[in-house]
Amino acid sequence: MGMVDLEKAPGAGPQAGPGEPVRGSDAEGCLAVAIRIPVRVVVLVLVVPVRMVWDALVVAGRFLRDAVLRPVGRALAWLGRAVFVWPLVGLWRYVVVPLAKGVGWLGHVLLVVPAVWLYRWVLTPVGQALAWYITRVGAVLAAIARGVYAGLAWLGRYLAVVPAVWLYRWVLTPIGHGLAWSGRQVARGVGLVVTGVGFVLYWTVRVLLVLPALAVWRWVLAPVGRFLAVVGREVADALGHAWRVAGHLSRAVGRFLGTVLRWTVAEPARWVYRSVLNPVGHAVRDTVLRPLAEAGRGARRAARQALASARLSARQARADVRRMLFGAPAERQPVDRREPSAAEARTLGSSTTALTKD
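All of these numbers come straight from a predicted model, not from anything done at the bench.

How each quantity is defined
Residues numbered from 1 in each chain as written. Predicted model: local features only at pLDDT ≥ 70, side-chain atom pairs only at ≥ 80, totals over all residues. Heavy atoms only, no water. Helix = DSSP H or I, 4+ residues; strand = E, 2+ residues; numbered from the N terminus. Buried < 20%, exposed > 50% of the residue type's maximum accessible area, 1.4 Å probe, protein only. Areas by Shrake-Rupley, 256 points an atom, 1.4 Å probe, with all protein chains shown as cover. Phe/Tyr/Trp six-rings, centres within 6.5 Å; stacked < 30°, edge-to-face > 60°. Salt bridge = Lys/Arg side-chain N within 4 Å of Asp/Glu carboxyl O. Patch = residues over 30% accessible without salt bridge, like charges linked within 9 Å, V, L, I, M, F, W, Y side chains within 5 Å. Lys, Arg positive; Asp, Glu negative; His and termini not counted. Charge placed at Lys NZ, Arg CZ, Asp CG, Glu CD. Core = buried A, V, L, I, M, F, W, Y, C linked by side-chain atoms within 4.5 Å. Contact = heavy atoms within 4.5 Å. pLDDT = per-residue confidence, 0-100.

Engineer: Any chance you could explain the overall build of the protein chain here in plain terms?
Structural biologist: Within the protein chain one finds 2 helices and 0 strands. The proportion of buried residues among the 358 residues of the protein chain is 5%. Accessible area for the protein chain stands at about 30,100 Å²; split by element, carbon and sulfur atoms hold 72% of it.

Engineer: Just to check I follow, could you spell out the packing of aromatic side chains for this structure?
Structural biologist: Given two aromatic rings, their pairing is described by the distance between the two centres and the angle made by the two planes. Inspection of the entire model under this criterion finds 4 aromatic pairs. Relative to Trp86, the ring of Trp78 lies with its centre 6.3 Å away and its plane at 90°, an arrangement referred to as edge-to-face. Judged by its relative accessible area of 49%, Trp78 falls in the partly exposed class. Judged by relative accessible area, which is 46%, Trp86 ranks as partly exposed. When the ring of Tyr202 is compared with that of Trp203, the centres are 5.5 Å apart and the planes differ by 75°; the resulting orientation is edge-to-face. Judged by relative accessible area, Tyr202 falls into the partly exposed class, the value being 46%. Taking the relative accessible area as the measure of exposure, Trp203 reaches 42% and is therefore partly exposed.

Engineer: Teacher, can you tell me more about the pattern of salt bridges here?
Structural biologist: Proximity of charged atoms lets side chains of opposite charge pair with each other. Under the criterion given, the structure shown has 7 salt bridges. Its salt-bridge partner being Arg51, residue Asp55 comes within 3.3 Å of it at the nearest N-O pair. With a gap of 4 residues between them, Asp55 and Arg51 both fall in helix H1 (residues 24-326), about one helical turn apart. As a salt-bridge pair, Arg270 and Glu267 come within 3.5 Å of each other at their nearest N and O atoms. Remark: Glu267 and Arg270 occur in helix H1; sequence separation between them is 3 residues, near one turn of the helix.

Engineer: Would you explain a positive patch on the surface in this entry?
Structural biologist: A surface patch of like charges, here positive, comprises Arg311, Arg315, Arg318 and Arg322. With respect to the helices and strands, the residue Arg318 is situated in helix H1.

Engineer: Looking at this model, I keep getting lost on the nonpolar core. Mind explaining?
Structural biologist: When a protein is soluble and globular, its nonpolar side chains tend to lie buried together. Formed by Val43, Val47, Val48, Ala238, Ala242 and Ala246, the largest nonpolar core amounts to 6 residues. Leave out the neighbours within four places in its chain, and Val43 touches Ala238, Leu239 and Ala242.

Engineer: When you look at the side chain of Arg51 in this model, what are you seeing that I'm missing?
Structural biologist: Judged by its relative accessible area of 15%, Arg51 is buried. Aside from chain neighbours lying at most four places away, what touches Arg51 is Trp243, Ala246, Gly247 and Ser250.

Engineer: Would you mind going over the confidence of the model for the protein chain with me for this structure?
Structural biologist: Close reading of the predicted structure is inappropriate where its pLDDT is low. Within the protein chain, residue pLDDT values average 81, and 82% of them lie at 70 or more. Counting interchain partners and residues more than four positions distant, the pLDDT-below-50 stretch residues 1-27 has 19 contacts.

Listed below in structure tokens is the structure:
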């Protein structure tokens, strides 16, 4: 458990003299020291039970996760694969894929091949002929359109553009300059009026709203905020300190309970297993299970030998019946698979040469 620090922080400012007023940092440090111990005591009393309950819930949750949820999850995962994944994989691999391949081949034969033939031998020649015809007709129409456009452009230039340029230069431009000068003068006057009204409104709002709000912030809200900040910081520090102390207490209680359970349950159970159950199990294994296993293996060997003898007798009986009905099979002559010697190779070569000459 940590000790409560009542000393002044190293970064604090110098203390005030007898005749000097108390500064803000010194007042804040005195306030923190005054409220630190009561707040920490109250918070420690409130937090210790919560921390112990939390640690107990954490231990129970870990046991539940390792002993129940994880095996159940693995079993559900295996069941899900067996019920959903494997049937779907088999359906996809052995039904959908072959069916899709068959449909694709059928579509290729019935649709793609006729469509390619139609495009190559029907649509392509027709399209080329239409393109040649449209190109020639388009050339003739383009020549006619160029002539018509030239005539209309000449008429539009001398009937519309030239009069419009004259009207813009000698009528609209002087009128626009006069209107622009008038607008600038009106805008200047309106700007002067708006500037004066804004100046009056600025000082009115500053005197009636800003200065009172600034005074309230400086002399009321800022001191209250600093006080609440000190209180909140001390409460947060007290909560952290109490949580750490409660963790140490909870760990000590947990170790005590673990020691009690080990000496009251685990050690007696281990002694019973080691001193009673283990010797009894070895005795049962040596006196009962091993003889039974040896007897079972001997019976299995005898049954295997009897079955082998019965199969051999049946095979011999079938061979005798086949021999009485169809006679003895002809004996196969062994084939000499050894390599011929040098003399035999020369004799065989000379015989082959003589036969070839003949």
